[in-house]
Amino acid sequence: MQQLIHRIWYHHHWAKWLLLPLSWLFGLVAMLRRNLFRLGVKSAHTVPVPVIVVGNITAGGSGKTPTVIYLIELLRQQGYTPGVISRGYGVDIQDCQVVYTGAKATDVGDEPAMIVARTQVPMVVGPKRVAAAYKLLAQFDVDVIISDDGLQHYPLARDIEIALVDGERRYGNRCLIPAGPLREGLWRLNSVDFVINNGGPVHHGEVLMSLTPAPLMPVTNSLVEPLTEGQPLVAMAAIGNPQRFFNTLTQLGYQLARTVEFNDHHVFSASELHALSHDNPLVMTEKDAVKCRDFAQSHWWYLPVNAKLTPEFDHAFLSQLKQVAQTKKGLSHGI
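For every chain, the first residue of the written sequence is number 1, and numbering continues from 1 onward in sequence order. With pLDDT at 70 or above as the cut-off, local features in this predicted model cover only qualifying residues; side-chain atom pairs require 80 or more to be listed or tallied, and sums for whole chains, interfaces and linings still use all residues. Computation of side-chain values covers all heavy atoms of the structure but excludes hydrogens and water.

**Student:** What's the story with the overall build of the protein in this structure? I'm lost.
**Tutor:** The helix and strand labels rest on DSSP assignments: H or I over at least four residues marks a helix, E over at least two residues marks a strand, and numbering proceeds from the N terminus. When helices and strands are counted, the protein shows 10 helices and 14 strands. Relative to a compact globule of 335 residues, whose C-alpha radius of gyration would be 20 Å, the protein shows 20 Å and is just as compact. Counting only C-alpha atoms, the protein reaches 65 × 50 × 40 Å along its principal axes. Here a residue-residue contact requires only that any non-hydrogen atoms of the pair lie within 4.5 Å. Relative to all contacts within the protein whose residues are 6 or more apart in sequence, the contacts with residues 24 or more apart total 74%. Surface accessibility in these figures is a Shrake-Rupley result with a 1.4 Å probe; residues are shielded only by whichever protein chains are displayed. Carbon and sulfur atoms make up 56% of the accessible area of the protein, which amounts to about 16100 Å² in all. Here the radius of gyration uses the C-alpha set of atoms, whereas the globule reference equals 2.2 Å times the residue count to the power 0.38.

The following block contains the structure:
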């Protein structure tokens with residue numbers, strides 16, 4: 001199914017025309033919902049610290065998680081104490097809950113589990129981001145909130161909006177869901193503060209982000225079987241754009257005996273991955289690795305990646321955040 005959707009969205013498959021009426025309905029419902037907030041019929045909740053939303057206008061992955069991790073580290077370097085909120089996609093979360101180090105992806109979602117494992121940042125997941133934000137503020141001493149995704153979650157007021165775009169796939173056929181990948185029209189990008197292009201080439205007004213791979217790391221913490229140079233690998237990925245991951249491995253010089261794609265946020269079973277790695281070492285993304293640690297074998301590996309953005313972005317982002325923080329601090333003191 002995912003391969004068919006990919007052909008419809010990014011390769012002008014004829015089935016797009018059958019789905020367009022549903023896209024028009026989707027767009028109408030989304031427009032009515034936005035206007036309820038714009039006209040004040042529904043109100044957005046403002047929290048006392050700056051809120052940064054990192055999202056996109058397309059369905060599927062575009063590099064949000066590496067961007068969130070980059071922002072966490074950048075903010076800490078500048079003396080901020082950031083916290084993160086997220087929906088926790090792929091799992092059934094009824095109420096807000098704190099994501100602690102070592103949390104299982106099956107309980108909190110793969111991306112939250114990965115973010116906390118990498119950064120130990122205070123984090124709360126839940127279906128309602130406003131409630132998640134207040135729980136984060138109540139339980140942790142944070143002075144900035146990063147919302148992992150949520151560009152279309154209008155009940156939470158935001159101070160800085162960052163939209164990610166996949167530099168390779170961009171916006172596909174430019175149709176709304178389900179005929180295309182768009183959650184909102186391209187006009188939405190005119191209202192965000194930054195558009196970050198993952199991988200390039202960049203268009204006017206976009207900020208280039210590159211993902212720098214680190215050496216392969218073992219999925220398990222126990223003794224591992226060392227990789228030998230030129231050894232064929234089986235690569236698998238359950239992310240929005242698996243081919244980008246496979247291409248990266250090839251560019252790094254790894255020999256791929258087989259590549260396997262799963263749906264984004266796929267819940268793995270030990271049996272299906274053991275079958276994949278029967279003859280060759282298995283390599284996966286860091287996001288997938290957090291879902292497999294309980295049953296990982298000694299010849300399973302993952303590829304960490306680190307986001308790299310421009311100094312110009314850092315300066316512009318931090319300058320805007322400083323202004324927001326000063327304004328909110330003034331309001332909190334009744335100025």
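We are not done yet, so read on.
**Student:** Just checking my understanding: could you explain helix α3 (residues 64-77) for this structure?
**Tutor:** An α-helical segment advances 3.6 residues per turn. Residues three or four places apart therefore align on the same side. Here, expected helix span is obtained from the residue count minus one, scaled by 1.5 Å. With 14 residues, α3 ought to run about 20 Å at 1.5 Å a step, and its terminal C-alpha atoms sit 20 Å apart, in line with that. Residue burial is assigned from relative accessible area. The probe radius is 1.4 Å, only protein chains are included, and a residue is buried under 20% of its type maximum, exposed over 50%, and partly exposed in between. Taken across its 14 residues, α3 has 11 buried, putting it largely inside the fold. Along α3, the positions that sit buried rather than exposed are Lys-64, Thr-65, Pro-66, Thr-67, Val-68, Ile-69, Tyr-70, Leu-71, Ile-72, Leu-74 and Leu-75.

**Student:** Quick question: what am I supposed to make of the packing of α3 against helix α5 (residues 110-119) here?
**Tutor:** Axis angle and axis distance: for two packed helices, these are the angle between their axes and the distance between the axes, and together they describe the pair. For the pair α3 and α5, interaxial distance at closest approach is 10 Å and the crossing angle is 30 degrees. With respect to α5, the axis of α3 lies roughly parallel. Like other packed secondary-structure pairs, α3 and α5 cross with a definite hand, here right-handed. Each of Thr-65, Val-68, Ile-69, Ile-72 and Arg-76 in α3 lies in contact with α5, whose residues at this interface are Glu-111, Met-114, Ile-115, Arg-118 and Thr-119. Helix axes are fitted to C-alpha atoms over the stretch in contact, other axes to C-alpha atoms as well, and angles between N-to-C directions run from 0 to 180 degrees. Oblique is the label for every angle not falling under 35 degrees (roughly parallel), over 145 degrees (roughly antiparallel), or within 65 to 115 degrees (roughly perpendicular). Crossings are classed by handedness, with left-handed meaning an anticlockwise turn of the near helix from the far one by less than a right angle and right-handed meaning a clockwise turn.

**Student:** What's the story with the pairing of strand β6 (residues 160-166) in this structure? I'm lost.
**Tutor:** Each regular strand shows side chains that alternate between the opposite faces of the sheet. By the criterion of burial, β6 is predominantly enclosed, with 7 of the 7 residues buried. Because side chains alternate across β6, one face comprises the buried residues Ile-160, Ile-162, Leu-164 and Asp-166, and the other comprises Glu-161, Ala-163 and Val-165, equally buried. Strands were regarded as paired on the criterion that DSSP finds at least two bridges between them. Alignment of strand β1 (residues 51-55) against β6, held across 4 bridges, turns out to be parallel. If you follow Ile-52 over to β6, its bridge partner there is Ile-160.

**Student:** Is there a simple way to think about the sheet that holds strand β13 (residues 300-303) in this case?
**Tutor:** Paired through their backbone hydrogen bonds, the strands of a sheet run either parallel or antiparallel. The 5 strands are arranged β9-β13-β12-β10-β11 in an open sheet whose pairing can be described as mixed. Because the sheet does not close on itself, it has two edges, and the strands there are β9 (217-218) and β11 (256-261). With 4 bridges connecting them, strand β12 (residues 282-285) and β13 associate as parallel partners. Paired with Leu-282 across the bridge in β13 is Trp-300.

**Student:** Which parts of the structure should I look at to understand the side chain of Asn-280?
**Tutor:** Examined against the element boundaries, Asn-280 turns out to sit in the loop between α8 (270-276) and β12. Of the polar contacts made by the side chain of Asn-280, one reaches the backbone oxygen of Pro-232; its length is 3.5 Å. Setting aside anything within four residues of it in sequence, one finds Asn-280 in contact with Pro-232, Leu-233, Val-234, Ala-257 and His-299. Each polar contact in these results corresponds to two N or O atoms within 3.5 Å; when the atoms are within protein, one needs to be able to donate a hydrogen and the other to accept it, and residues that are neighboring in sequence are counted only if both atoms are side-chain atoms.

**Student:** Is there a simple way to explain a nonpolar patch on the surface in this structure?
**Tutor:** On the surface, Leu-22, Leu-25, Leu-28, Val-29, Met-31 and Leu-32 cluster together into a nonpolar patch covering about 540 Å² of accessible area. Within the secondary structure, Leu-28 sits in helix α2 (residues 16-38). Only residues whose relative accessible area exceeds 30% and that form no salt bridge enter a patch; like-charged residues are grouped when within 9 Å of one another, and nonpolar side chains (Val, Leu, Ile, Met, Phe, Trp, Tyr) when within 5 Å. Salt bridges are defined as contacts in which a side-chain nitrogen from Lys or Arg sits within 4 Å of a carboxyl oxygen from Asp or Glu.

**Student:** I keep staring at the side chain of Ser-23 and nothing clicks. Help me out?
**Tutor:** Structurally, the position occupied by Ser-23 is in helix α2. In this structure Ser-23 comes out as buried when scored by relative accessible area, which is 2%. Only 3.0 Å separates the side chain of Ser-23 from the backbone nitrogen of Ala-179, close enough to count as a polar contact. The residues contacting Ser-23, other than those within four sequence positions of it, are Leu-176, Ile-177, Pro-178, Ala-179 and Gly-180.

**Student:** Could you clarify how one ought to interpret unusual backbone geometry in this entry?
**Tutor:** For residues that are not glycine, phi is negative in most cases, and the peptide bond is trans in most cases. For the peptide bond that leads from Ile-177 to Pro-178, omega is 5 degrees, which places it in the cis range. Residue position: Pro-178 is located in the loop between β6 and β7 (194-198). Within the chain, Asp-149 stands out as a residue other than glycine whose phi angle is a positive 75 degrees. For Asp-149, the position within the fold is in the loop between β5 (144-148) and β6. At Arg-170, a residue that is not glycine, the phi angle is positive and equals roughly 50 degrees. Counting through the fold element by element, Arg-170 comes out in the loop between β6 and β7.

**Student:** I would appreciate a short explanation of the sheet that holds β7 in the present structure.
**Tutor:** Read from one edge to the other, the open sheet built from 9 strands follows the order β3-β4-β2-β5-β1-β6-β7-β8-β14, with strand pairing classed as mixed. Both outer strands of the open sheet, β3 (97-98) and β14 (305-308), are each paired with one neighbouring strand and no more. Of the pairings in the sheet, the one linking strand β2 (residues 82-86) to strand β4 (residues 123-125) comprises 3 bridges and is parallel in character. Considered in β4, the bridge of Ile-85 is made with Val-124. Here α3 sits on the sheet in contact with β1, β2, β5, β6, β7, β8 (206-213) and β14, set at roughly 170 degrees to β5.

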